[in-house]
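An overview of the molecular structure
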Amino acid sequence: MEFRRSSSDRLVATLLGPPSLRWRGEEIEVPSRKGRALLYHLAAVGRPVPRARLASLLWGEARLSNVRQALTALRRLRDAAAWLEAGEEVRLSGVSDVAAFEEAVERDRFERALTLWRGPFLEGVSVP
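Not measured: the values here are computed from a predicted model.

With that settled, consider the sheet that holds strand 1 (residues 11-14). In spatial order, the strands read 3-2-1-7; together these four strands make up an open sheet with mixed pairing. Both outer strands of the open sheet, strand 3 (26-27) and strand 7 (94-96), are each paired with one neighbouring strand and no more. As judged from the four bridges shared by strand 1 and strand 2 (residues 20-23), these two strands associate in the antiparallel manner. The residue of strand 2 that forms the bridge with Ala-13 is Leu-21.

Put into structure tokens, the structure is as follows:
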């Protein structure tokens, strides 16, 4: 997997160090902390996640109405239909530095891994 921060046709999630989400080179501003956490989680796992799992992870119990509300708000973000897929499972269409970092380490490409490292995973993020 190639990770380029300047990717123009996919969501780019930078999660090592202070996190950011970019679409077509511009930062995506997510107003709610839990909305950001939801997107960061999806970017980190890199695969579809059931809504019930997201509810449990972010709200402490299976509160599907909270997930539905968060997804409704996220769909209002710029070009969300191009990078957010929400059915029974939710996923992001994009690329993250975490996946590229893990691949570089697995392939013994440590110099490449070091170029991706900007700090601890999700540095500065907390979710109540």
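A few words now on the sheet that holds strand 5 (residues 84-86). The strands that make up a sheet are held in pairs by hydrogen bonds between backbone atoms, and each pair lies either parallel or antiparallel. One open sheet accounts for three strands, arranged 4-6-5; its pairing is antiparallel. Two strands lie at the open edges of the sheet, namely strand 4 (49-50) and strand 5, each paired on one side alone. The sheet strands contacting helix 3 (residues 64-75) are strand 5 and strand 6 (89-92), and the helix crosses strand 5 at an angle near 145°.

What counts, and at which threshold
- Residues numbered from 1 in each chain as written.
- Predicted model: local features only at pLDDT ≥ 70, side-chain atom pairs only at ≥ 80, totals over all residues.
- Heavy atoms only, no water.
- Pairing = 2+ DSSP bridges.
- Helix = DSSP H or I, 4+ residues; strand = E, 2+ residues; numbered from the N terminus.
- Contact = heavy atoms within 4.5 Å.
- Axes fitted to C-alpha atoms, helices over the stretch in contact; angles between N-to-C directions.

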